[in-house]
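Fold and geometry: a report
If you want the building blocks of each chain, they are given just below.
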Amino acid sequence: MTGHVVIAPDKFRGSLTSPEVAAHVAAGLGDVPVVELPVADGGDGTVDAVVASGFTRVETEVTGPAGDPVRASYAVRDEPGARAAVIELAEASGLRRLPGDPVPLTATSRGTGELIAHAVRHGATRIVLGLGGSACTDGGAGMAQALGVRLLDAAGDDLPAGGAALRDLHSIDASGLLRGFEVIVASDVDNPLLGPYGAAAVYGPQKGASPQDVAVLEAGLARLAAVAAHTHGLAGAAEHDGVVRAMGVAGRPGAGAAGGVGFGALTFLGAEIRPGIGYLLDLVEFDRHVEGARLVITGEGSIDEQTLRGKAPVGVAAAAAKHGVPVVAVCGRRDVGDDELRAAGIQAAYALTDVEPDVRRCMAEAGPLLERLAARIATAHLVQDHERTVPRS
């Protein structure tokens, strides 16, 4: 297909999934050949996006972040020489899985480990782990426990769930760790595990942690990193004169992702961290679909300063630029100027608030409003383009 439009948006959080955004944009464009290619950057919505591109959804029951059972899904696809499973931490261990108020000290990533184990036991040899939207700050301890790692206190008993319990960690027994698969972490977060830019300090308050809770969680994560280095031979952190400093894996960019699950994946699973949106675009074969396109439409719920720091729309724009294809964006609201957008490779952005100032109505009626925006895009970027390329008699 040539002369088509690639529609590659992320979700509109709280309103529409990425496949729903793509479908409404396609409907609003009218009689235009399109390829709907929903995308994600590794956070919540990643499974929906890859299922829309051809992966198969698998659903199972796992442990939620508060310890209660939840139904969660992941996506699988057979590839030459491997079966790939895309696992989204938010599906099992996300804030949206909490049955009530946040429980920052006891929230666990165990359900994410259970999803990995389920996928591996059903033939997966490559795990793509998307991090984002987590409810836990446990350094990936729960995930590791679900995969066979024992985290023991001084009496040799297994630690209970949550980041606070890690302060009592004495030794680690990884002899029962499930093996035989590789892990790729898809994440754009570059925070280390510890310190003022670490998992507890930066993301703990977003998960309901008070300043006192943050201090408790920081101490637990520091203990996990130190014990991993000292008693198990894992590269984690080092203590000098009683002070824990982020070194080795604990100091790597991305170790602090998802409450330190990045650290757990790096330390226990030997994971490789790759930029989230870039890797997910490879998974959905963006380069193949954009070849010969005349326009790419991307977007997300809010286009703001965070977007410009490498979130999905900017990743899509960078990928499209390699093929010389122009990019426009749709969004719920927009908080950046035209010059900043163009510097990020996006020609223009169309916001729901352009056609409906009431934000509550934008949330409730996002689909029909997106179709109106898409009609505007068709007039501004497709009809004129067509007229320029068709000779006049």
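Owing to the predicted nature of the structure, the values given are computational and were not obtained by experimental measurement. (Residues numbered from 1 in each chain as written. Predicted model: local features only at pLDDT ≥ 70, side-chain atom pairs only at ≥ 80, totals over all residues. Heavy atoms only, no water.)

1. Observations concerning the overall build of the protein
Definition in use: Secondary structure is summarised from DSSP: a helix means a run of H or I of at least four residues, a strand means a run of E of at least two, and numbering begins at the N terminus for each. C-alpha atoms define the radius of gyration, and 2.2 Å times the number of residues to the power 0.38 defines the globule rule. Relative accessibility decides the category of a residue: with a 1.4 Å probe and only protein chains considered, values under 20% of the type maximum give buried, values over 50% give exposed, and everything between is partly exposed. Whether two residues are in contact is decided by their heavy atoms, any of which lying within 4.5 Å being enough. Where accessible areas are quoted, they stem from the Shrake-Rupley method and a 1.4 Å probe; at the residue level, only the protein chains shown are allowed to cover.
Helix and strand counts for the protein stand at 16 helices and 15 strands. Here the C-alpha atoms of the protein give a radius of gyration of 22 Å, agreeing with the 21 Å that 2.2 N^0.38 yields for 393 residues. Oriented by its inertia axes, the alpha-carbon framework of the protein measures out at about 90 × 45 × 35 Å. Residues counted as buried form 55% of the 393 residues belonging to the protein. Looking at the protein alone, contacts between residues at least 24 apart form 70% of all its contacts between residues at least 6 apart. Roughly 16100 Å² of accessible area belongs to the protein as shown, and the carbon and sulfur atoms make up 49% of that amount.

2. Focus on the side chain of E356
How we decide: Polar contact criterion, stated in full: a pair of N or O atoms within 3.5 Å, where within protein one must be able to donate a hydrogen and the other to accept it, and residues adjacent in sequence count only if both atoms are side-chain atoms.
By the secondary structure assignment, E356 is in the loop between α14 (352-355) and α15 (359-364). Within polar-contact distance, the side chain of E356 engages the backbone nitrogen of D358 at 2.9 Å.

3. Points about the sheet that holds strand β13 (residues 295-303)
Heads up, the rule is: At least two DSSP bridges between two strands are needed for those strands to be called paired. Under this scheme, a helix contributes an axis fitted over its contacting stretch, all axes are lines through C-alpha atoms, and angles between N-to-C directions fall in the 0 to 180 degree range.
The strand order across the open sheet built from five strands is β2-β1-β13-β14-β15, with neighbouring strands paired in parallel fashion. Each having just a single partner strand, β2 (34-36) and β15 (348-351) make up the two edges of the open sheet. Strand-to-strand twist across the sheet, computed as the mean angle between neighbouring axes with direction ignored, equals 25°. For β13 and strand β14 (residues 327-334), the ladder comprises seven bridges, and the chain directions are parallel. Within β14, the residue paired with S302 across the bridge is R333. Across the sheet, helix α1 (residues 18-29) lies against β1 (5-9), β2, β13 and β14, angled at about 145° from β1, the strand it touches most. Sheet strands touched by helix α12 (residues 312-321): β1, β13 and β14. Its angle to β13, the strand with the most contacts, is close to 165°.

4. Concerning the pairing of β1
What counts, and what does not: When the strands point away from the viewer, a crossover counts as right-handed if the route from the first strand across the helix to the second turns clockwise.
Taking burial as the measure, the five residues of β1 include five buried ones, the bulk of the element. Note that β1 and β2 share three bridges and pair parallel. Residue I7 lies in a different strand from β2, and its bridge partner there is E36. After leaving β1, the chain enters α1 and then returns to the sheet as β2, a path that is right-handed. With five bridges connecting them, β1 and β13 associate as parallel partners. Each residue of the ladder has a partner; that of A8, found in β13, is T298.

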